[in-house]
Amino acid sequence: MPLTKKEWVELENKAADLRDLCLQTVIWAGSGHVGGSMSSADILTLLYYKHANFDPKKPEDPDRDRIVVSKGHIGVILAPLFAQLGLVEHEQLKTFNLTGSKLGIHLDCNKVRGLDSSTGSLGHGSALALGMALAARVKGQKYKTFLILGDGECDEGSVWEAAMATAHFKATDLITIVDRNHCMIDGNTEDVMRLEPFEDKWKAFGFETIVVDGHNMNQLSDAIEKAKKAKDKPVCIIADTVKGCGISFAAGNYKWHYGAFDAAKEQTAREDLKKYRAERIARAEKEGI
Amino acid sequence: MAGGLSFTAVESTKLATAEIYGKTLSALGDENPNVVALTADLAGSTKIGDFKEKHPDRFFNVGIAEQNMYGVAAGMAKCGLIPFASSFSVFASLRALDQVHTDICYQNVNVKIIGTHGGTSFGQAGSTHHAIEDFAVVRGLVNMTLICPADGIETALAVRAAANTPGPFYIRINRGFDNTVYSTSDYGFQVGKAVTMNEGNDVTIIACGSCVYQSMQAAKILENDYNISARVLNMHTIKPLDKEAVLKAVDETRRVVTAEDHTIIGGLGSAVAETIVESGKGCAFKRLGIPDKFSAIGLHEDLLAMHEIDAAGIVKNVLELMKADFEAEAVKKGLDITKLNFGTAEDWTDEV
């Protein structure tokens, strides 16, 4: 079901607020993983505000949907997200990365309520998510497990060990979303370690695949909705995204995997994000029904 | 023993240690619907077939993929299950270490790692299958409890204790049969508490796993042939270490030998040494184990002999240690320590 115009605009505003707060947190922290955070903003927004059964007032509810962010280096957008959700105090964002803070580059699930797993060593989330999905089966629970993977981390063999097992165990309640931003620390994914034909790899491992524009809220929402209904094969959504999206000088540039903003860049970034919000809302207004 | 399943000495001589683990796991599965079993294509070797038959919906074979197994186990534990994930010790401690470290220990989840084929117990398989560094590695992991039971009876107790104690556990057991050191399950097994297997006041042998039986045999020889009274401590829990028992042994026997089927670096011997040194107490001390090299290929009993962690090797090393003097004793006697040659004193008979 397509998003209604109203809902689409609301989600765009949530995502835009999140990008703004992420940038602000990077600035407070002095530096941060801005690239991969921005590329995941829409995926996170859709999961936490629309598709996942997650009530921030009951973050320990055993029947909640689980969300595993395998690309654990995007703490600088997860912390703002959890602040939006009321699970982290806004003031704490100002301490991000500081000595003694609860919030560091890679978040600790034993320090942040509602965060389902501590990640950071790449290629771990897939197995964790599969374990959560299989636990639902053993315990007779109905929750879904959402897994957000980075594309670069798909170089790790453990991702494919888990992929093989996810299909083998027919863990269709596990929904994989790859943030395919085409960049990793040392360069573009295809230059550092070729991933293509990426979709074919997932298919070969027993997945049904859906390739979408990861910054089209409506398309992405539709894909997640479809994936939630999977019965035979687990679904992998390959969300085609732009690293650093919304910030002109960072967008699509692998060098902005991690970065810092001087006063001029900060100013430009803020203006860029403002402009980007307007563009995205205009699109929702135009294309939404 | 609570829960009903206990093993007698007779049973424990008929069953390989891993089989006892498998039966215990199966019984735990009957008692608790949250217990699940995982394997990476080693269900047969790690003897968890019973569990598979009785609880097929709670049994998961992930194929030859240890990293995946420990990650999946961590995810299951996050959702309230109690996963027992078995593999050979060498793979459990090294192959999947990042998952054990990050997914299990850092998240501090309730995963029980059972490492079979510990030490050189799969001796003929060669160093790819010897687990001689696992204590060193696992002991360094935050939140982890590390146990190496002495025989099948103790394995059953350790597995049961692990199931009933929240948090990550690593239990290392041997391939095949173990010499039985207990005749009953009823000796008061407690995680983190050493068991005195033999009283003694001339020297203490602190051992774990296979070396407990060997140390008990050594104590008999020392008593009968050399009139040396050797205390034997079964230090089944290497982390957290029973420091009290170690320091009591230092106070009361002033000579300590450790014996383990493991490299002498970083394992039981190191843990005991750290405790002694930090106490400031003087003590003659020797670590027995595999020297800093990969072990030869061979039968387990041959390798124990080669590394001087069988009864004869332990006797030999204890006798050498009995000759050693040490600084605190010399100072107490008012001797000029600058003129003493430590390690050559002959007279130990007047001590304690």
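For the rest of this paragraph, the subject is the domain arrangement of chain B. By convention, interface size is frequently given as the accessible area that disappears when the constituent parts associate. Residue and element names in this part refer to chain B. Each assigned domain of chain B is listed with its residue range as follows: domain 1 (9-172) and domain 2 (195-339). Computed over C-alpha atoms only, the centres of domain 1 and domain 2 are separated by 28 Å. Counting from both sides, the interface comprises 24 residues of domain 1 and, opposite them, 27 residues of domain 2. Listed by contribution, the elements that provide at least two residues to the side of domain 1 that touches domain 2 are helix 7 (134-139), strand 5 (145-147) and helix 8 (152-164). Grouping the constituent residues of the side of domain 1 that touches domain 2 by class yields ten nonpolar, ten polar and four charged.

The next subject is the nonpolar core. Soluble globular proteins tend to bury their nonpolar side chains together. Grouped together as the largest cluster of nonpolar side chains are 200 residues, with contacts concentrated most on Leu130 and Ile237 of chain A together with Met69, Ala73, Ile205, Ile314 and Val318 of chain B. Per-element tally for this core: the top contributor is helix 5 (residues 125-139) of chain A, with ten residues. Both domain 1 (9-172) and domain 2 (195-339) of chain B contribute no fewer than three residues apiece to this core. Discounting residues that sit within four places of it in the chain, Leu130 of chain A has contacts with Ala162, Ala165, Thr166, Ala171 and Leu174 of chain A together with Val72 and Gly75 of chain B.

It is worth spelling out the confidence of the model for chain B at this point. Mean pLDDT over chain B stands at 92; residues scoring 70 or higher make up 91%. Scoring of the predicted complex yields 0.94 for pTM and 0.96 for ipTM.

With 23 residues of chain A at the interface, the matching set in chain B holds 25 residues. Of all the secondary structure elements, the ones that give two or more residues to the side of chain A that touches chain B are helix 5 and helix 6 (157-168) of chain A. With eleven residues, helix 5 of chain A is the single largest residue contributor to the side of chain A that touches chain B. Residues that form the side of chain A that touches chain B fall into these classes: 13 nonpolar, seven polar and three charged.

Trans is the common state for peptide bonds, and a negative phi is the common state for residues other than glycine. The amide bond that connects Glu196 of chain A to the next residue, Pro197 of chain A, takes the cis arrangement and shows omega of 0°. Inspection of the secondary structure puts Pro197 of chain A in the loop between helix 7 (189-192) and helix 8 (198-204). Cis geometry is adopted by the peptide bond preceding Pro240 of chain B, which originates at Lys239 of chain B and carries an omega value of 0°. With respect to the element layout, Pro240 of chain B can be found in the loop between strand 10 (237-239) and helix 10 (243-253). Although it is not a glycine, Lys170 of chain A adopts a positive phi angle of roughly 50°.

With that settled, the discussion passes to the packing of helix 9 (residues 210-226) of chain B against helix 13 (residues 311-323) of chain B. All names here are of chain B. The geometry of helix 9 relative to helix 13 is characterised by a closest axis approach of 8 Å and an angle of 55° between their N-to-C directions. Viewed along their axes, helix 9 and helix 13 adopt a mutual orientation that is oblique. You can see that helix 9 and helix 13 cross each other, and the crossing is right-handed. In contact with Gln214, Ser215, Gln217, Ala218, Ile221, Leu222 and Tyr226 of helix 9, helix 13 contributes Ala311, Ile314, Val315, Val318 and Leu319.

Calculation notes
- Residues numbered from 1 in each chain as written.
- Chains lettered and ligands numbered in written order.
- Predicted model: local features only at pLDDT ≥ 70, side-chain atom pairs only at ≥ 80, totals over all residues.
- Domains from an automatic or database assignment.
- Contact = placed C-beta atoms within 7 Å.
- Helix = DSSP H or I, 4+ residues; strand = E, 2+ residues; numbered from the N terminus.
- Nonpolar A, V, L, I, M, F, W, Y, C, P; charged D, E, K, R; others polar.
- Core = buried A, V, L, I, M, F, W, Y, C linked by C-beta atoms within 7 Å.
- Buried ≥ 20, exposed ≤ 12 C-beta atoms within 10 Å, placed from the backbone.
- pLDDT = per-residue confidence, 0-100.
- Axes fitted to C-alpha atoms, helices over the stretch in contact; angles between N-to-C directions.
- Parallel < 35°, antiparallel > 145°, perpendicular 65-115°, else oblique.
- Left-handed = near helix turned anticlockwise from the far one by under 90°.

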